[in-house]
Each structure stands twice: as structure tokens, then as C-alpha cells.
2 protein chains.
Amino acid sequence: MEPKAPKITDVARLAGVSTATVSRALSKPESVAESTRNTVLAAAEKTGYRVNLSARNLRRQRTGAIVILVPNIGNPFFSEILAGIETVLSESDINMLVVDTRQAHMKPQLVLEYLHATRADGIIALDGSLPDAILAVASSGIGAPPIIFACEWTPGGEFSSVRANNAHGGELAIAHLAGLGHRIIGMITGPDDNVLTHARSKGAIDALTEKGLAMAPEHVFAGDFSLDAGARAAQSWLELDQRPSAVFSQSDQMAFGFISELARQGISVPGDVSVVGFDDIAIAQCFIPALTTIRQPRKKLGLTAARVLIEHIGASSNPPIETTILDVELIERDSTGAFAG
Amino acid sequence: MEPKAPKITDVARLAGVSTATVSRALSKPESVAESTRNTVLAAAEKTGYRVNLSARNLRRQRTGAIVILVPNIGNPFFSEILAGIETVLSESDINMLVVDTRQAHMKPQLVLEYLHATRADGIIALDGSLPDAILAVASSGIGAPPIIFACEWTPGGEFSSVRANNAHGGELAIAHLAGLGHRIIGMITGPDDNVLTHARSKGAIDALTEKGLAMAPEHVFAGDFSLDAGARAAQSWLELDQRPSAVFSQSDQMAFGFISELARQGISVPGDVSVVGFDDIAIAQCFIPALTTIRQPRKKLGLTAARVLIEHIGASSNPPIETTILDVELIERDSTGAFAG
DNA sequence: AACCTTTATGTAATCGATTGCAGTGCAGCA
DNA sequence: TGCTGCACTGCAATCGATTACATAAAGGTT
């Protein structure tokens, strides 16, 4: 009447062998005689047996899961990275435990829970700005599960990371605009304390310097990667006496907000101002005008991070810190045009 | 030398009590004398003890996780729903295990793994088109964990679900367009076998009928909710002799693809054709033109689904099938205008 | 034939926390 | 004083699978 979940002893009884043999037949098939194996598999099939993961994990001293720390799950930018991670994990029978760190910045205790080995065998952090207290614990000692940063990273460089060549992206953006004849170029940045902001800004400034150009402080609009920040930058741009004829936006979202707000005020892109984005999210090619942008290999970021982490988990000793940098590329579309005097 | 993770016996020894008392002090504090409790908590703090979840789950016969079946993690539409789910779960110390079902449609076996009670205490499916074989198992019997559909649902109605009032959304879209004077109205649909497609189409057709209008078969463009599908619909629209002066796109993404492709061909929105979308994703208000659309409460969908599921998990008996329908609303922006003759 | 390998399987300890049951001590009450 | 009841706490079984070690059988060697 009560259809309880069959356990390994049920299979063993039906197959007429010991539980040890059943366990082996299922996880190390080659260590068991073929005839026995067939009997066991048939019995397992017949009973509908599934291994109890809590029991297995307890015995094996692992959790079978890795946690992904995402700054904001609602942000579509991260979803493609998650997809990449998932692709790799689904082949390794490791589960993906997604945690949003937004409220966590309020409550470091809560995130700390997730960093302990009892929760996960490893961690992928998409959030470079985790509180120091958390990082200290994460990096402390042998018991802690391996952690790897994807996309963002920590300034100190104490952790392995997989990231895009952000500085080069900044260079490409500027080189493109300068190549079109623009001399006064503005920039919409990410948050002040963000490593991506720094890297992209540095690349941009370096490229300008190399061409003998500079960027006036009032042409740098402080943003935070969001649509709103782009719209705010547009307001600032409108109020300038000397307006840049081109703007490098450090995220596509901000570029959309920027262009959209300008359009509302009758300013056209690329007619009145050229705009380069960063990320190449899906909608970029359907925006009007289609957005010229720096493509980040987001899926590959996820794939690579997951692969590296799995390797680290497998390694017996403390693996070395490993930094992987992926190439970016400029995708030229319709939001940039030649400087028109 | 080897800093092994402290276990409950370590805490017990340090506090001078039994493991039973430690366990109780931590999980049912009121069942233990105050002085003892303090001693135990101090000892736990001192050793840095964290409960081993595999052991607890094994003993308690649960997994502490629920799985979310997402058709495509990379699709930003789902991310807000995930955010809603996460918000609720983070308060319940239940983990969120995200699984992409794309490759799963190839391999039902793989998804089946996740539906078993050994993996999760419950399931939220954002994918209404799971293979029947899977659903059969999921609904079969007492051992199976509760499952609830969010956003999409199954035609048979054998499962609880939380969804938006899609039919009403279709009605609102058509009413809006008809109110602007449009008489020949087209529609870009989702996949043929999708419940959302059916509901939205039905609402649209009903609203037309009520106004004495009809929709010609050649004005129905078969899509799949993607950007590309919208672009394809634009091609079809261009080839028509009699072109609809307004189009209801069953997703914002398709609306973007549609408008973008039309723009490329010199057709303007809303000048030459009005467009209403569905979803109100973030970018809709920044698109040019800003998109008139039907807003779905995506975050609330996630919140509600998670709450209902948690309730079901808590319930001892088989809970009744429960359908929650959330309101949608029309957000009027710039992609629709009065019929101009 | 005696002995050593190799292969296949079983026995039983183990992972770490939870919890039913039993015991202890103390207060209240007749 | 003796008894009952209550509040705490401890003992030990238990969750289900894995695996080190022991055992047994079969094959090979001299």
C-alpha cells in the first residue's frame, strides 16, 4: 500500500547478491562478473531503484553540487554564463546551486553558509565584489572548497579566474571610434569599485593616449551597467557645452539607455553621436540602430569556469592559481559612423 | 596539521554534553535548558562547527533542495522568475537547483533523474512542454515529490500551476489596437503546441470576434518567441498584398525582431504599422520606439510558485491541484498609434 | 600435488546527525 | 515521607550507500 522507495538492500535481495555487489555493479561495472552485473541491473530496473544521494554523499564525503554566486539573477547578462556552466555540469552529474548575492551583501553570514564544504564541493563566483570577510574565509585553509571567479575577479588576485580581455575590449572600442575620425570621445563607466570598470577604462585611456588623445573628466559618465545609468549619462551629455561626438559605453544595457534617452530628446545615433557598447547581448543586433559593440564570449566564460573548477575539485592537492583570459572582438553595426565635422 | 571539519561529537565533547543535546540545542533551542544551550552554542562557535547537510538530510529523509526546470537558462525572460523563486527560497534554507531542459528533450532519462525524490523535495517547472513520459512519472504516486508549473502549464491540468492571465493579455492587446482604429490586425504567435500560444491567441481572437472583426489566416505568423522569429514574420508581412496595419506579437523579443527587420526595410513603427508585445521585459521601455506591451508579473510568478510549492512540501497529505492566475496589464508606449487611413 | 595469483563476492564498519525511549533529579503535593 | 509529574539529558538505533578487508573459488606454475 505504501510504495516506499526501494533501497539497495531490496535490489540485493531480488538479485540474490550482497549490497556491496549491487553498489559495485552500478558504479564500477567492470569490477563485477558480467552475468552478475546483468542480474543486478535487471533487478535494479525491476524495482525502479535510484540511489539515495544523501547517503552516497555522506559516505563519499562530498555534496555533488557546486554553488554559483550571482550578483543578480534577474540580470540577463548572467544568464548566458549560467547556460555555459550548466552545459558542463550536466555532463558531470554535479548539480548547480544558484544563489543571489544581492541580499547577501547585507548579510554576509548567509553567504558564508554557502561557502562551506558541507554545502558545495566548489564555488563559481560571478560577483567580484564579495565582502572581504567572506573572501577571507573562502581562501582560508585546506578545508575550504575551491573557488573560481568567472567574468569578474578580485583585485588581489588570490583566486583563480576566467575572464574576458576587458582592457583589450576598451582598446578596440576606442580604436574603432578614433579610426572613424572622432577626436572627442566620452565614456560611460561601470561602478567605481568594479574591476571590469577599471580594466575597460584602462584599455580605453591607453588607446587614446597612444593616439595622442585624452579624455576630459567631464566626458566620463559614472554608471553602473544598468539601463537607467545610460539614461542618466544621456542627461549629462545633453548639458555639456562641448559634447563628445562618440561615446564608449561599458555595457550594452547602458548604451541602450543612453541612445533611447537621446532619441527622446531628438538626438540621433549615429548621426549626432556614435556609440559603442560592451557585451554583445542578444538584443544588440535588433536594437535600432543595431549596436556596435565588444563581444564577450559569455557562454565560453561559463564553460571554461566550470571545467577549471571541476578539475580543481578532482585535484588532491591545493591547485595553483590559474587565470584564463578569453578574447573579445569588435562587432561593427550601425550605431557608429564617421565623424561628420 | 590536518584541519578536519569539526563534527557534532567535537562540539559535544567540548561542551561536556551528549551529541543529542548539541543537536537539540541547535535545531530546537527551546527544548534545552538555557545554561546548557549557552554552553553548547559557545562550543559550536569555538569549534566553527557546521552541520553536515548530507547526514542531516539522510536522517531526515529529505534533500533540502528543489529543482527548477528551465527550458533555456540563456533566455532573459526566465531570469526574473528565477529571481522571484530565489527570494522565497533564501528565507527557507532550501536550495535552488537549476536545470536546463533543452538537451533534456533529447534525453528524457536525464530529466527523469531530477524528478526523483532522492534529488529534490519538490519541482518547479517553467517548461510546459515536457515529454509525456516524464510527466507520467512525475504524477505517479505517493513517492513522487510535488511539482508545480510556473508561467507555462500542461494542457491536461493534472498539476498545480501559477500563471498570468494570458487570454486576458491577448484581449487587452487587441482592444487597444482596435480602439486606435485598426481593423486589419495580424499576430505573431509562439510555438504551435504551446499553451501560452493558445491562450494568447484565444484571447485575441475572442476580442476581435466581439468587435465583429476577424483575423485572416495569412495574417497569423507562426513564431517561437525568439528574436529571429520576429524578423521572419517581418519578411512575411512585407510580402503580403494586404498588410495588417497593426500586429500583436506574443512576445517582446519577437516584437523587437519584427520592428528591427522592418526598420531595415524602411518601414516605420508606429507610422506604417503598430506593434504590441507581450511580457514587458526590461528593455521594452528603452527600445526605439518604446514598446507598447502586456506586462506579466514575472517576479511575482516566481514568488508565488515557490510559496505554493513550499506549502505543498510541508503538507503531509497529497495537496489538491491549485491554479493561481495573476493579472496582466497593458503598458502603453510609443510603438502603437492611431490608424492613419 | 602443493602453492601462488587472480578474480569475484560477501561481511561489516563507517560517514554524521537525528530522535524515540529511558533515566535522572527536583519540585509539588498529600 | 513517599509519590507523581515535569523538565532535561543521555543512550543507542537509524537513515542508505560505500568500501577496506576477508574469504572463496578458479586457474597457473613447478
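It should be emphasised that the depicted structure is a prediction, and the values quoted were computed from it without experimental measurement.

A.B. asks: Just to check I follow, could you spell out the overall build of chain A for this structure?
C.D. replies: Assigned secondary structure in chain A consists of 12 helices and 12 strands. Against the 2.2 N^0.38 benchmark of 20 Å for 341 residues, chain A shows a C-alpha radius of gyration of 26 Å, more extended than a compact globule. Overall, the C-alpha framework of chain A stretches about 90 × 40 × 35 Å when taken along its three principal axes. Taking all 341 residues of chain A together, the buried fraction comes to 52%.

A.B. asks: I'm lost on the sheet that holds strand β10 (residues 292-295) of chain B in this one. Help?
C.D. replies: Within a sheet, each strand pairs with its neighbour through backbone hydrogen bonds, oriented either parallel or antiparallel. Residues and elements named next belong to chain B. With mixed pairing, 6 strands are arranged side by side in an open sheet as β7-β6-β8-β9-β10-β12. Sheet topology places β7 (220-221) and β12 (329-331) at the edges, where each strand pairs with a single neighbour. In the sheet, β10 pairs with β12 via 3 bridges, with the strands oriented antiparallel. The residue of β12 that forms the bridge with Ile294 is Leu330. Across the face of the sheet, helix α9 (residues 166-179) comes into contact with β6 (185-188), β8 (246-249), β9 (274-279), β10 and β12 while running at roughly 160 degrees to β9.

A.B. asks: Whenever I open this one, the protein's contact with DNA strand D confuses me. Can you help?
C.D. replies: Near DNA strand D lie 25 residues; those nearest to it are Ile8, Arg56 and Arg59 of chain A together with Thr21 and Thr36 of chain B. Among the atoms of DNA strand D close to the protein, meaning within 4 Å, 66% are from sugar or phosphate groups. In the environment of DNA strand D, a phosphate oxygen lies 2.8 Å from a nitrogen or oxygen atom belonging to the side chain of Ser23 of chain A. For DNA strand D, a phosphate oxygen lies 2.2 Å from a polar atom in the side chain of Thr36 of chain B. For the surface near DNA strand D, the elements supplying multiple residues, two or more each, are α2 (19-27) and α4 (53-60) of chain A together with α2 (19-27) and α4 (53-60) of chain B. For the surface near DNA strand D, the class distribution of residues is 10 nonpolar, 7 polar and 8 charged.

A.B. asks: Sorry if this is basic, but what is going on with α2 of chain B here?
C.D. replies: Structural remark: α-helix, 3.6 residues per turn; residues separated by three or four positions point the same way. Along α2 of chain B, the residues that are buried comprise Thr21, Val22 and Ala25 of chain B. Buried residues along α2 of chain B cover an arc of 100 degrees about the axis, so they all sit on one side.

A.B. asks: Whenever I open this one, the sheet that holds strand β12 (residues 329-331) of chain A confuses me. Can you help?
C.D. replies: Residue and element names in this part refer to chain A. Strand order in this open sheet of 6 strands is β7-β6-β8-β9-β10-β12, and the pairing throughout is mixed. The open sheet is flanked by β7 (220-221) and β12, the only strands paired with a single partner. Judged from the 2 bridges that link them, strand β6 (residues 185-188) and β7 form a sheet pairing that is parallel. If you follow Met187 over to β7, its bridge partner there is Val220. Against the sheet, helix α9 (residues 195-210) makes contact with β6, β8 (246-249) and β9 (274-279), and its axis sits at roughly 175 degrees relative to β6, the strand it touches most.

A.B. asks: Can you help me understand the interface of chain B and chain A in this one?
C.D. replies: How big an interface is tends to be reported as the loss of accessible area on association of its parts. Contact with chain B, which involves 47 residues of that partner, is made by 47 residues of chain A. There are 0 salt bridges connecting chain B and chain A. At the junction of chain B and chain A, the tally comes to 10 residue pairs in polar contact (both at pLDDT 80 or more). Listing elements by their share of the side of chain B that touches chain A, those giving two or more residues are α4, α5 (76-89), β2 (95-100), α6 (102-106), α7 (108-115) and α12 (252-264) of chain B. The residue inventory of the side of chain B that touches chain A, partitioned by class, reads 24 nonpolar, 13 polar and 10 charged.

A.B. asks: Which parts of the structure should I look at to understand the relation of the copies chain B and chain A?
C.D. replies: One copy of the chain maps onto the second through a rotation about an axis and a displacement along it. Of the two same-sequence chains, chain B is brought onto chain A (RMSD 0.2 Å, axial shift 0.1 Å) by a rotation of 180 degrees. On this basis, the relationship between the two copies can be described by a two-fold rotation axis.

A.B. asks: Before we go on, may I ask you to explain the protein's contact with DNA strand C in this structure?
C.D. replies: Taken together, the neighbourhood of DNA strand C is formed by 26 residues, with Thr21 and Thr36 of chain A together with Ile8, Arg56 and Arg59 of chain B sitting nearest. Between Gln61 of chain A and DNA strand C, the recorded distance is 3.1 Å, taken from a side-chain N or O atom to a phosphate oxygen. Between Lys7 of chain B and DNA strand C, the recorded distance is 2.7 Å, taken from a side-chain N or O atom to a phosphate oxygen. Listed by contribution, the elements that provide at least two residues to the surface near DNA strand C are α2 and α4 of chain A together with α2 and α4 of chain B. Residues that form the surface near DNA strand C fall into these classes: 10 nonpolar, 8 polar and 8 charged.

A.B. asks: Looking at this structure, I do not really get the domain arrangement of chain A. What am I missing?
C.D. replies: All names here are of chain A. Domain parsing of chain A yields domain 1 (8-51), domain 2 (63-164 + 298-326) and domain 3 (166-296). Here the C-alpha centroids of domain 2 and domain 3 sit 30 Å apart. With 10 residues of domain 2 in contact, the opposing surface of domain 3 contributes 11 residues. Carbon and sulfur atoms make up 57% of the area that domain 2 and domain 3 hide from each other, which totals about 910 Å². The three residues of domain 2 that bury the most area against domain 3 are Trp153, Ala164 and Arg298, which together make up 53% of that side's buried surface.

A.B. asks: Help me understand the side chain of Thr21 of chain B in this model?
C.D. replies: Within the element layout of this structure, Thr21 of chain B appears in helix α2. Ignoring anything within four residues of it in the chain, the contact list for Thr21 of chain B reads Val32 and Thr36 of chain B.

A.B. asks: Is there a simple way to explain unusual backbone geometry in this structure?
C.D. replies: Across residues other than glycine, the phi torsion is negative in most instances, and most of the peptide bonds are trans. The amide bond that connects Val269 of chain A to the next residue, Pro270 of chain A, takes the cis arrangement and shows omega of 5 degrees. Its location among the elements puts Pro270 of chain A in the loop between α11 (252-264) and β9. Cis geometry marks the peptide bond from Ile288 of chain B to Pro289 of chain B, where omega comes out at 0 degrees. One can find Pro289 of chain B in the loop between β9 and β10. Positive phi, normally seen in glycine, also occurs at Asp93 of chain A, with a value near 40 degrees. For Asp93 of chain A, the position within the fold is in the loop between α5 (76-89) and β2 (95-100). Given the relative accessible area of 45%, Asp93 of chain A is considered partly exposed. Phi at Asp279 of chain A is positive, roughly 125 degrees, even though this residue is not glycine. Within the secondary structure, Asp279 of chain A is located in strand β9.

Cut-off values and rules
- Residues numbered from 1 in each chain as written.
- Chains lettered and ligands numbered in written order.
- Predicted model: local features only at pLDDT ≥ 70, side-chain atom pairs only at ≥ 80, totals over all residues.
- Heavy atoms only, no water.
- Helix = DSSP H or I, 4+ residues; strand = E, 2+ residues; numbered from the N terminus.
- Rg over C-alpha atoms; globule rule 2.2 N^0.38 Å.
- Buried < 20%, exposed > 50% of the residue type's maximum accessible area, 1.4 Å probe, protein only.
- Pairing = 2+ DSSP bridges.
- Contact = heavy atoms within 4.5 Å.
- Axes fitted to C-alpha atoms, helices over the stretch in contact; angles between N-to-C directions.
- Near = heavy atom within 4 Å.
- Polar contact = N/O pair within 3.5 Å; in protein donor to acceptor, adjacent residues only side chain to side chain.
- Nonpolar A, V, L, I, M, F, W, Y, C, P; charged D, E, K, R; others polar.
- Arc of directions from axis to C-beta.
- Salt bridge = Lys/Arg side-chain N within 4 Å of Asp/Glu carboxyl O.
- Least-squares fit on C-alpha atoms with pLDDT ≥ 70 in both.
- Domains from an automatic or database assignment.
- Buried area = accessible area lost by both parts, 1.4 Å probe.

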